[in-house]
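Chain by chain, the residues run as shown.
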Amino acid sequence: QVQVVESGGGLVQPGGSLRLSCTASGRIFSIYAMAWHRQAPGKQRELVAIIRTGATTTYVDSVKGRFTISGDNAKNTVYLQMNSLKPEDTAVYYCQFTIGNPTVSTYWGQGTQVTVSS
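Residues numbered from 1 in each chain as written. Predicted model: local features only at pLDDT ≥ 70, side-chain atom pairs only at ≥ 80, totals over all residues. Heavy atoms only, no water.

1. A word on the overall build of the chain
Part 1 of the reasoning: If you tally the helices and strands in the chain, you get zero helices and eleven strands.
Part 2 of the reasoning: Its helices and strands taken in sequence order, the chain reads β-β-β-β-β-β-β-β-β-β-β from the N to the C terminus.
Part 3 of the reasoning: Against the compact-globule benchmark of 13 Å for 118 residues, the chain has a radius of gyration of 14 Å, which places it among compact chains.
Part 4 of the reasoning: Oriented by its inertia axes, the alpha-carbon framework of the chain measures out at about 45 × 25 × 25 Å.
Part 5 of the reasoning: The proportion of buried residues among the 118 residues of the chain is 42%.
Part 6 of the reasoning: Carbon and sulfur atoms make up 50% of the accessible area of the chain, which totals about 6,100 Å².
Part 7 of the reasoning: Computed over 10 positive and 6 negative side-chain charges, the inter-centroid distance for the chain is 4 Å. (Helix = DSSP H or I, 4+ residues; strand = E, 2+ residues; numbered from the N terminus. Rg over C-alpha atoms; globule rule 2.2 N^0.38 Å. Buried < 20%, exposed > 50% of the residue type's maximum accessible area, 1.4 Å probe, protein only. Areas by Shrake-Rupley, 256 points an atom, 1.4 Å probe, with all protein chains shown as cover. Lys, Arg positive; Asp, Glu negative; His and termini not counted. Charge placed at Lys NZ, Arg CZ, Asp CG, Glu CD.)

Given below as structure tokens:
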């Protein structure tokens, strides 16, 4: 079994910053990818950023230049540094791990609320 725990959400003013963290623990042989998704009220969940084996990253256009995804494989942890936050970034943020143990499966965090408001 694999457990995934997120932390770091909260309330921030427009233009502010937040850092999200997410750690996986349990039966983990290898991590193929780590990602952050978000879901705003009334909208579908969208992929925000992903980091794959080899440290290649991809971002949704709306966060490019403002958000940075990074991973620490030794700690089974993924981070999302969010700068220059906008009200439209308000959403529940979910982390996702693609893990081999040895079969390849996807595991999700519980979600953390990010609210950008003055």
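Read on, since the account is not over.
2. Focus on the side chain of asparagine 101
Part 1 of the reasoning: Mapped onto the elements, asparagine 101 comes out in the loop between strand S9 (91-100) and strand S10 (104-108).
Part 2 of the reasoning: Separated by 3.2 Å, the side chains of asparagine 101 and tyrosine 107 make a polar contact.
Part 3 of the reasoning: Beyond its immediate stretch of four places on either side in the chain, asparagine 101 contacts Val2, Arg27, Ile28, Phe29 and Tyr107. (Polar contact = N/O pair within 3.5 Å; in protein donor to acceptor, adjacent residues only side chain to side chain. Contact = heavy atoms within 4.5 Å.)

3. Details of the sheet that holds strand S7 (residues 67-72)
Two orientations exist for strands paired in a sheet by backbone hydrogen bonds: parallel and antiparallel.
Part 1 of the reasoning: The strand order across the open sheet built from four strands is S1-S3-S8-S7, with neighbouring strands paired in antiparallel fashion. This sheet does not close on itself; its edge strands, each paired only once, are strand S1 (2-7) and S7. On average, adjacent strands in this sheet sit at an angle of 15° to one another, irrespective of strand direction. (Pairing = 2+ DSSP bridges. Axes fitted to C-alpha atoms, helices over the stretch in contact; angles between N-to-C directions.)

4. A closer look at the environment of phenylalanine 67
Part 1 of the reasoning: Relative to the helices and strands, phenylalanine 67 is located in strand S7.
Part 2 of the reasoning: Overall, the relative accessible area of 3% leaves phenylalanine 67 in the buried class.
Part 3 of the reasoning: Non-local contacts of phenylalanine 67, meaning those with residues more than four positions away in its chain, are made with Arg38, Val48, Tyr59, Leu80, Gln81, Met82, Asn83, Leu85, Asp89 and Tyr93.

5. A word on the packing of aromatic side chains
Two aromatic rings, taken as a pair, are described by how far apart their centres are and by the angle between their planes.
Part 1 of the reasoning: For the structure shown, the criterion picks out zero aromatic pairs.
Part 2 of the reasoning: When the ring centre of tyrosine 79 is taken as reference, the NZ or CZ atom of arginine 19 above it lies at 4.0 Å.
Part 3 of the reasoning: Arginine 45 extends its terminal NZ or CZ atom over the ring of tyrosine 94, reaching a point 3.8 Å from the ring centre. (Phe/Tyr/Trp six-rings, centres within 6.5 Å; stacked < 30°, edge-to-face > 60°. Lys NZ or Arg CZ within 6 Å of the ring centre and 35° of its normal.)

6. With respect to unusual backbone geometry
Part 1 of the reasoning: The amide bond that connects asparagine 101 to the next residue, proline 102, takes the cis arrangement and shows omega of -15°.
Part 2 of the reasoning: Positive phi outside glycine occurs at asparagine 76, with the angle close to 50°.
Part 3 of the reasoning: Its place among the elements puts asparagine 76 in the loop between S7 and strand S8 (77-82).
Part 4 of the reasoning: At serine 84, a position not held by glycine, the phi torsion is positive, near 50°.
Part 5 of the reasoning: Along the chain, the position of serine 84 falls in the loop between S8 and S9.

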